[in-house]
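Structure assessment
Okay, here's what each chain looks like letter by letter:
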Amino acid sequence: MTKRVSKSLDAHRKKGRFGHFYRTMEQKYAYKRTIFNEKTPPNKEEWQKSINFAYCNKKREMDIDLQNIEKEMARPILHLVGEVADSLHRECYVVGGFVRDIILKKPSDDLDFVTVGSGIEVAKAVAEKIGRRKASLAVFKTYGTAQVKTKGMELEFVGARRESYQRNSRNPIVEDGTLHDDQCRRDFTINAMAISVNANNYGELLDPFDGVDDIERRLIRTPLDPDITFSDDPLRMMRAVRFATRLGFDIYPETMNAIARNAERIKIITRERIAEE
(Lines give C-alpha, C1' and ligand atoms only; values in the text may rest on other atoms or scores of the structure.)
Protein backbone atom coordinates (compact mmCIF):
# COMPACT_ATOMS: atom_id res chain seq x y z
CA MET A 1 0.00 0.00 0.00
CA THR A 2 1.07 3.59 -0.55
CA LYS A 3 2.56 5.22 2.53
CA ARG A 4 0.73 8.32 3.65
CA VAL A 5 3.19 11.07 4.29
CA SER A 6 1.01 14.13 4.62
CA LYS A 7 -2.05 15.60 6.25
CA SER A 8 -5.14 17.23 4.86
CA LEU A 9 -5.38 20.86 3.79
CA ASP A 10 -7.36 21.55 6.96
CA ALA A 11 -4.44 20.35 9.05
CA HIS A 12 -2.06 22.54 7.07
CA ARG A 13 -4.31 25.54 7.56
CA LYS A 14 -4.36 25.03 11.31
CA LYS A 15 -0.57 24.80 11.34
CA GLY A 16 -0.36 28.05 9.43
CA ARG A 17 1.98 26.93 6.66
CA PHE A 18 1.45 24.55 3.79
CA GLY A 19 4.81 22.84 3.54
CA HIS A 20 5.64 21.80 7.10
CA PHE A 21 4.25 18.29 7.22
CA TYR A 22 5.83 16.58 4.26
CA ARG A 23 8.55 14.01 4.89
CA THR A 24 9.15 10.41 4.06
CA MET A 25 8.17 8.00 6.82
CA GLU A 26 11.84 7.16 7.41
CA GLN A 27 12.90 10.76 8.04
CA LYS A 28 11.80 12.80 11.01
CA TYR A 29 11.23 16.34 9.89
CA ALA A 30 13.10 19.10 11.71
CA TYR A 31 13.63 22.61 10.39
CA LYS A 32 17.40 22.68 10.52
CA ARG A 33 18.62 25.04 7.86
CA THR A 34 21.99 23.89 6.54
CA ILE A 35 23.37 26.23 3.92
CA PHE A 36 25.77 24.58 1.49
CA ASN A 37 28.38 26.67 -0.26
CA GLU A 38 27.90 26.43 -4.02
CA LYS A 39 31.58 25.61 -4.53
CA THR A 40 31.56 22.78 -2.00
CA PRO A 41 28.33 20.81 -2.42
CA PRO A 42 27.65 17.80 -0.19
CA ASN A 43 29.04 14.50 -1.36
CA LYS A 44 26.75 11.71 -2.54
CA GLU A 45 26.76 9.95 0.84
CA GLU A 46 25.59 13.12 2.60
CA TRP A 47 22.97 13.69 -0.08
CA GLN A 48 21.59 10.19 0.32
CA LYS A 49 21.49 10.35 4.13
CA SER A 50 19.50 13.52 4.35
CA ILE A 51 17.52 15.95 2.27
CA ASN A 52 16.95 18.14 5.29
CA PHE A 53 18.69 21.22 3.97
CA ALA A 54 18.14 24.59 2.40
CA TYR A 55 20.48 25.58 -0.38
CA CYS A 56 20.88 29.15 -1.51
CA ASN A 57 23.39 31.89 -1.09
CA LYS A 58 20.53 34.01 -2.40
CA LYS A 59 17.63 32.48 -0.56
CA ARG A 60 14.31 33.71 -1.88
CA GLU A 61 11.22 32.87 0.13
CA MET A 62 7.78 32.73 -1.41
CA ASP A 63 4.41 32.42 0.25
CA ILE A 64 2.27 29.35 -0.31
CA ASP A 65 -1.29 30.50 -0.87
CA LEU A 66 -3.59 27.91 0.73
CA GLN A 67 -6.73 29.59 -0.52
CA ASN A 68 -5.51 29.44 -4.11
CA ILE A 69 -4.73 25.73 -3.80
CA GLU A 70 -8.14 25.02 -2.27
CA LYS A 71 -9.79 27.07 -4.99
CA GLU A 72 -8.11 25.02 -7.72
CA MET A 73 -8.92 21.75 -5.97
CA ALA A 74 -12.59 22.79 -5.91
CA ARG A 75 -12.81 22.32 -9.68
CA PRO A 76 -15.81 20.12 -10.55
CA ILE A 77 -13.71 18.03 -12.95
CA LEU A 78 -11.42 16.93 -10.10
CA HIS A 79 -14.40 15.81 -8.04
CA LEU A 80 -15.84 14.01 -11.05
CA VAL A 81 -12.61 12.09 -11.63
CA GLY A 82 -12.51 11.23 -7.94
CA GLU A 83 -16.07 9.93 -8.01
CA VAL A 84 -15.27 7.74 -11.02
CA ALA A 85 -12.11 6.40 -9.36
CA ASP A 86 -14.07 5.63 -6.19
CA SER A 87 -16.70 3.75 -8.20
CA LEU A 88 -13.89 1.61 -9.63
CA HIS A 89 -12.24 1.23 -6.22
CA ARG A 90 -9.06 2.88 -7.49
CA GLU A 91 -6.63 5.25 -5.83
CA CYS A 92 -6.35 8.32 -8.05
CA TYR A 93 -4.20 11.43 -7.84
CA VAL A 94 -3.68 14.60 -9.82
CA VAL A 95 0.09 14.87 -10.22
CA GLY A 96 3.09 16.63 -11.65
CA GLY A 97 2.93 19.97 -13.41
CA PHE A 98 -0.62 20.79 -12.37
CA VAL A 99 0.25 20.49 -8.67
CA ARG A 100 3.45 22.48 -9.15
CA ASP A 101 1.69 25.22 -11.07
CA ILE A 102 -1.18 25.78 -8.64
CA ILE A 103 1.39 26.19 -5.86
CA LEU A 104 3.16 28.70 -8.10
CA LYS A 105 -0.23 30.37 -8.74
CA LYS A 106 -0.06 29.45 -12.41
CA PRO A 107 -3.19 27.34 -12.90
CA SER A 108 -3.36 25.11 -15.94
CA ASP A 109 -6.06 23.30 -17.89
CA ASP A 110 -3.73 20.36 -18.55
CA LEU A 111 -4.27 17.83 -15.78
CA ASP A 112 -2.30 14.63 -15.31
CA PHE A 113 -3.75 11.79 -13.26
CA VAL A 114 -2.07 8.70 -11.87
CA THR A 115 -4.17 5.78 -10.72
CA VAL A 116 -3.06 2.58 -9.04
CA GLY A 117 -4.28 0.23 -11.74
CA SER A 118 -5.31 0.87 -15.34
CA GLY A 119 -5.29 4.54 -16.30
CA ILE A 120 -7.05 3.68 -19.55
CA GLU A 121 -9.95 2.12 -17.67
CA VAL A 122 -10.38 5.22 -15.52
CA ALA A 123 -10.15 7.51 -18.56
CA LYS A 124 -12.87 5.55 -20.37
CA ALA A 125 -15.14 5.77 -17.34
CA VAL A 126 -14.49 9.51 -16.98
CA ALA A 127 -15.31 10.13 -20.64
CA GLU A 128 -18.51 8.12 -20.28
CA LYS A 129 -19.45 10.05 -17.13
CA ILE A 130 -18.96 13.39 -18.88
CA GLY A 131 -20.85 12.23 -21.97
CA ARG A 132 -19.83 11.61 -25.57
CA ARG A 133 -21.08 15.00 -26.77
CA LYS A 134 -18.97 16.87 -24.22
CA ALA A 135 -15.81 14.78 -24.16
CA SER A 136 -13.48 13.06 -26.61
CA LEU A 137 -11.34 10.06 -25.70
CA ALA A 138 -7.99 8.99 -27.15
CA VAL A 139 -6.36 5.74 -26.00
CA PHE A 140 -2.66 4.95 -26.47
CA LYS A 141 -2.42 1.26 -25.60
CA THR A 142 1.28 1.03 -26.42
CA TYR A 143 2.07 3.50 -23.64
CA GLY A 144 -0.75 2.53 -21.32
CA THR A 145 -2.13 6.06 -21.34
CA ALA A 146 -5.34 7.81 -22.34
CA GLN A 147 -6.47 11.38 -22.85
CA VAL A 148 -9.86 12.97 -22.31
CA LYS A 149 -10.56 16.40 -23.79
CA THR A 150 -13.49 18.39 -22.47
CA LYS A 151 -14.39 22.07 -22.27
CA GLY A 152 -10.88 23.23 -23.18
CA MET A 153 -9.22 20.91 -20.68
CA GLU A 154 -6.89 18.01 -21.41
CA LEU A 155 -6.94 15.17 -18.89
CA GLU A 156 -4.13 12.63 -19.14
CA PHE A 157 -4.46 9.28 -17.36
CA VAL A 158 -1.78 6.69 -16.66
CA GLY A 159 -1.42 3.79 -14.27
CA ALA A 160 1.20 4.09 -11.53
CA ARG A 161 4.41 2.44 -12.68
CA ARG A 162 8.04 1.80 -11.96
CA GLU A 163 10.72 2.17 -14.62
CA SER A 164 14.14 0.69 -15.32
CA TYR A 165 16.55 1.56 -18.11
CA GLN A 166 19.18 -0.07 -20.31
CA ARG A 167 22.48 1.75 -20.74
CA ASN A 168 22.10 2.42 -24.48
CA SER A 169 18.50 3.67 -24.46
CA ARG A 170 16.34 6.25 -22.74
CA ASN A 171 13.22 4.14 -23.37
CA PRO A 172 12.21 2.61 -20.04
CA ILE A 173 11.19 -0.91 -19.18
CA VAL A 174 7.83 -0.32 -17.52
CA GLU A 175 6.13 -2.34 -14.78
CA ASP A 176 3.02 -1.74 -12.73
CA GLY A 177 3.81 0.00 -9.46
CA THR A 178 2.57 2.03 -6.52
CA LEU A 179 2.10 5.77 -6.30
CA HIS A 180 5.45 6.01 -4.53
CA ASP A 181 7.12 4.09 -7.38
CA ASP A 182 5.59 6.58 -9.78
CA GLN A 183 6.81 9.55 -7.78
CA CYS A 184 10.33 8.09 -7.64
CA ARG A 185 10.52 7.98 -11.45
CA ARG A 186 9.74 11.70 -11.79
CA ASP A 187 12.44 14.05 -13.03
CA PHE A 188 12.46 16.65 -10.25
CA THR A 189 11.04 17.08 -6.77
CA ILE A 190 8.80 19.95 -7.88
CA ASN A 191 7.16 17.55 -10.38
CA ALA A 192 6.87 14.60 -7.99
CA MET A 193 3.96 15.86 -5.88
CA ALA A 194 0.51 14.30 -5.94
CA ILE A 195 -2.89 15.33 -4.54
CA SER A 196 -5.59 12.73 -3.91
CA VAL A 197 -8.99 13.10 -5.58
CA ASN A 198 -10.57 10.14 -3.74
CA ALA A 199 -13.39 11.08 -1.40
CA ASN A 200 -11.84 9.56 1.74
CA ASN A 201 -8.75 11.81 1.56
CA TYR A 202 -9.62 14.46 -1.03
CA GLY A 203 -7.02 17.23 -1.19
CA GLU A 204 -4.32 15.29 0.65
CA LEU A 205 -0.89 16.22 -0.68
CA LEU A 206 1.72 13.49 -0.93
CA ASP A 207 5.13 15.12 -1.21
CA PRO A 208 7.80 12.58 -0.17
CA PHE A 209 10.70 14.54 -1.69
CA ASP A 210 9.87 18.02 -0.35
CA GLY A 211 8.75 19.58 -3.60
CA VAL A 212 6.89 22.33 -1.75
CA ASP A 213 10.03 23.35 0.10
CA ASP A 214 12.04 23.29 -3.13
CA ILE A 215 9.46 25.59 -4.73
CA GLU A 216 9.88 27.95 -1.79
CA ARG A 217 13.65 27.80 -2.16
CA ARG A 218 13.29 28.06 -5.95
CA LEU A 219 15.40 24.97 -6.38
CA ILE A 220 15.67 22.31 -9.11
CA ARG A 221 16.63 18.97 -7.54
CA THR A 222 16.11 15.32 -8.45
CA PRO A 223 14.04 13.09 -6.15
CA LEU A 224 16.67 10.32 -6.24
CA ASP A 225 20.40 10.13 -6.91
CA PRO A 226 20.93 12.62 -9.78
CA ASP A 227 23.59 10.44 -11.45
CA ILE A 228 21.06 7.63 -11.80
CA THR A 229 18.27 10.02 -12.82
CA PHE A 230 20.34 11.61 -15.61
CA SER A 231 22.07 8.44 -16.74
CA ASP A 232 18.70 6.70 -17.10
CA ASP A 233 17.21 9.54 -19.14
CA PRO A 234 19.78 12.14 -20.26
CA LEU A 235 17.04 14.40 -21.62
CA ARG A 236 16.29 15.30 -18.00
CA MET A 237 19.55 17.27 -17.93
CA MET A 238 18.22 19.62 -20.59
CA ARG A 239 14.90 19.69 -18.81
CA ALA A 240 16.62 20.86 -15.62
CA VAL A 241 18.07 23.84 -17.45
CA ARG A 242 14.74 24.56 -19.13
CA PHE A 243 12.83 24.57 -15.85
CA ALA A 244 15.49 26.67 -14.12
CA THR A 245 15.36 29.23 -16.92
CA ARG A 246 11.58 29.29 -17.24
CA LEU A 247 10.83 29.46 -13.54
CA GLY A 248 13.84 31.50 -12.44
CA PHE A 249 15.01 28.68 -10.15
CA ASP A 250 18.54 27.59 -9.20
CA ILE A 251 19.86 24.10 -9.92
CA TYR A 252 21.03 22.41 -6.75
CA PRO A 253 24.86 22.06 -6.83
CA GLU A 254 24.97 18.24 -6.66
CA THR A 255 22.35 18.12 -9.41
CA MET A 256 24.44 20.50 -11.53
CA ASN A 257 27.58 18.44 -10.89
CA ALA A 258 25.71 15.31 -11.99
CA ILE A 259 24.77 17.06 -15.24
CA ALA A 260 28.47 17.71 -15.90
CA ARG A 261 29.38 14.12 -15.05
CA ASN A 262 26.73 12.67 -17.38
CA ALA A 263 26.98 15.17 -20.24
CA GLU A 264 28.26 12.52 -22.66
CA ARG A 265 25.02 10.56 -22.22
CA ILE A 266 23.15 13.21 -24.23
CA LYS A 267 24.50 11.48 -27.35
CA ILE A 268 21.82 8.79 -27.08
CA ILE A 269 19.09 11.40 -27.56
CA THR A 270 17.90 12.08 -31.11
CA ARG A 271 18.40 15.55 -32.55
CA GLU A 272 14.66 15.91 -33.05
CA ARG A 273 13.97 15.24 -29.37
CA ILE A 274 16.70 17.64 -28.28
CA ALA A 275 15.27 20.36 -30.54
CA GLU A 276 11.80 19.74 -29.13
CA GLU A 277 13.02 20.02 -25.55
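In what follows, the structure referred to is the one given above.
These lines cover the structure that appears in this document, whether it is placed above or below. Residue numbers here run from 1 along each chain, matching the order of that chain's written sequence. A pLDDT threshold of at least 70 governs which residues receive local features in this predicted model, and a stricter bar of 80 or more applies before side-chain atom pairs are shown or counted, although totals over entire chains, interfaces and linings include all residues. Excluded from the side-chain calculation are hydrogens and water; included are all heavy atoms of the structure.

Concerning the overall build of the protein chain
A tally of regular secondary structure across the protein chain gives twelve helices and eleven strands. Classification of residues uses two cut-offs on accessible area relative to the type maximum, computed with a 1.4 Å probe and protein chains only: under 20% is buried, over 50% is exposed, and between them is partly exposed. Put simply, the protein chain has 277 residues, and 53% of those count as buried. Note on contacts: a residue pair is in contact if any heavy atoms of the two residues lie within 4.5 Å. Considering only residue pairs separated by 6 or more positions, the protein chain has 64% of its internal contacts joining residues 24 or more positions apart. Note on areas: Shrake-Rupley, 1.4 Å probe, and residue coverage restricted to the protein chains presented here. Accessible area of the protein chain: about 14100 Å², with a carbon and sulfur share of 49%. Only DSSP runs of H or I covering at least 4 residues are called helices, and only runs of E covering at least 2 are called strands; the numbering of each starts at the N terminus.

Considering the pairing of strand 1 (residues 92–95)
On strand 1, burial covers both faces: Cys-92 and Val-94 on one face and Tyr-93 and Val-95 on the other are all buried. Sheet topology places strand 1 next to strand 2 (residues 110–115); four bridges connect them, and they run antiparallel. Note that in strand 2 the partner of Cys-92 across the bridge is Thr-115. Pairing between strands requires that DSSP locate at least two bridges from one strand to the other. Here three bridges tie strand 1 to strand 8 (residues 194–196), and the two strands are oriented antiparallel to one another. In the sheet register, Val-95 faces strand 8, and the bridge partner there is Ala-194.

A look at the side chain of Thr-189
With respect to the element layout, Thr-189 can be found in the loop between helix 7 (179–184) and strand 8. Not counting the four nearest positions on each side in its chain, Thr-189 is found in contact with Phe-209, Gly-211, Asp-214, Arg-221, Thr-222 and Pro-223.

Remarks on the packing of aromatic side chains
The geometry of an aromatic ring pair is captured by two quantities: the separation of the ring centres and the angle between the planes. Working definition: a ring pair exists when centres of Phe, Tyr or Trp rings (six-membered ring for Trp) sit within 6.5 Å. Plane angles under 30 degrees give stacked, over 60 give edge-to-face, the rest tilted. Taken as a whole and judged by the stated rule, the model has two aromatic pairs. Geometrically, the ring pair formed by Phe-113 and Phe-157 is stacked, given 5.0 Å between the ring centres and 15° between the ring planes. With a gap of 44 residues between them, Phe-113 in strand 2 and Phe-157 in strand 5 (residues 153–159) connect regions that are remote in the sequence. Take Phe-113 and Phe-157: they sit in the same class, and that class is buried. Ring geometry for Phe-188 against Phe-243: centres 6.0 Å apart, planes inclined by 80°, an arrangement best described as edge-to-face. Here Phe-188, found in the loop between helix 7 and strand 8, pairs with Phe-243, found in helix 10 (residues 235–247); they are 55 residues apart in sequence, far enough to count as distant. Residue classification places Phe-188 among the buried positions, given a relative accessible area of 0%. One Lys or Arg, Arg-242, reaches over the ring of Phe-243 and ends 5.0 Å from the middle of that ring. Look at NZ for Lys and CZ for Arg. If either is within 6 Å of the ring centre and within 35 degrees of the ring normal, a charge sits over the ring.

What about the packing of helix 4 (residues 76–87) against helix 6 (residues 119–130)?
Two elements in contact, helix 4 and helix 6, have axes whose closest approach is 9 Å; the angle formed by their N-to-C orientations is 120°. In terms of their interaxial angle, helix 4 and helix 6 are classed as oblique. The handedness of the crossing between helix 4 and helix 6 comes out as right-handed. Seen from helix 4, the contacting residues are Ile-77, Leu-80, Val-81, Glu-83 and Val-84; seen from helix 6, they are Val-122, Ala-125, Val-126, Lys-129 and Ile-130. Under this scheme, a helix contributes an axis fitted over its contacting stretch, all axes are lines through C-alpha atoms, and angles between N-to-C directions fall in the 0 to 180 degree range. Angle categories are assigned with fixed cut-offs, so that under 35 degrees is roughly parallel, over 145 is roughly antiparallel, 65 to 115 is roughly perpendicular, and the rest are oblique. By convention, the crossing between two helices is left-handed when the near helix turns anticlockwise from the far helix through less than a right angle, and right-handed when the turn is clockwise.

Things to note about the environment of Asp-225
Mapped onto the secondary structure, Asp-225 falls in the loop between strand 10 (219–220) and helix 9 (226–232). Between N or O atoms, a polar contact is any pair within 3.5 Å; within protein, one atom must be a potential hydrogen donor and the other a potential acceptor, and residues adjacent in sequence are included only when both atoms are from side chains. A polar contact is formed between the side chain of Asp-225 and the backbone nitrogen of Asp-227, at a distance of 2.9 Å.

Observations regarding the pairing of strand 4 (residues 145–150)
In terms of residue burial, strand 4 counts as a mostly covered element, since five of its six residues are buried. Bridge analysis of strand 3 (residues 136–140) against strand 4 gives five bridges, and the strand direction is antiparallel. Each bridged residue has a counterpart across the sheet, and for Ala-138 the counterpart in strand 4 is Gln-147. From the end of strand 3 to the start of strand 4, which pair antiparallel, there are four residues, and Gly-144 there has a positive phi angle of about 70°. Note that strand 4 and strand 5 share six bridges and pair antiparallel. In the strand pairing of strand 5, Thr-150 is matched with Met-153. Linking two consecutive strands that pair antiparallel, namely strand 4 and strand 5, is a turn of two residues; a positive phi of about 50° is found at Lys-151 within it.

A word on the sheet that holds strand 3
Taken in spatial order, the seven strands make up an open sheet running 3-4-5-2-1-8-9, and their pairing is mixed. Whereas interior strands pair on both sides, the edge strands pair on one side only; in this sheet they are strand 3 and strand 9 (205–206). Note: strand 2 against strand 5, six bridges, orientation parallel. When the sheet's bridge partners are listed, Val-114 is paired in strand 5 with Val-158.

A look at helix 4
An ideal rise of 1.5 Å per residue puts 16 Å on twelve residues; helix 4 measures up with 17 Å between its terminal C-alpha atoms. Buried within helix 4 we find Ile-77, Leu-78, Leu-80, Val-81, Gly-82, Val-84 and Ala-85. One or two steps after helix 4, the chain reaches His-89, where phi turns positive at roughly 60°. Expected span of a helix, by definition, is 1.5 Å for each gap between consecutive residues, and there is one gap fewer than residues.

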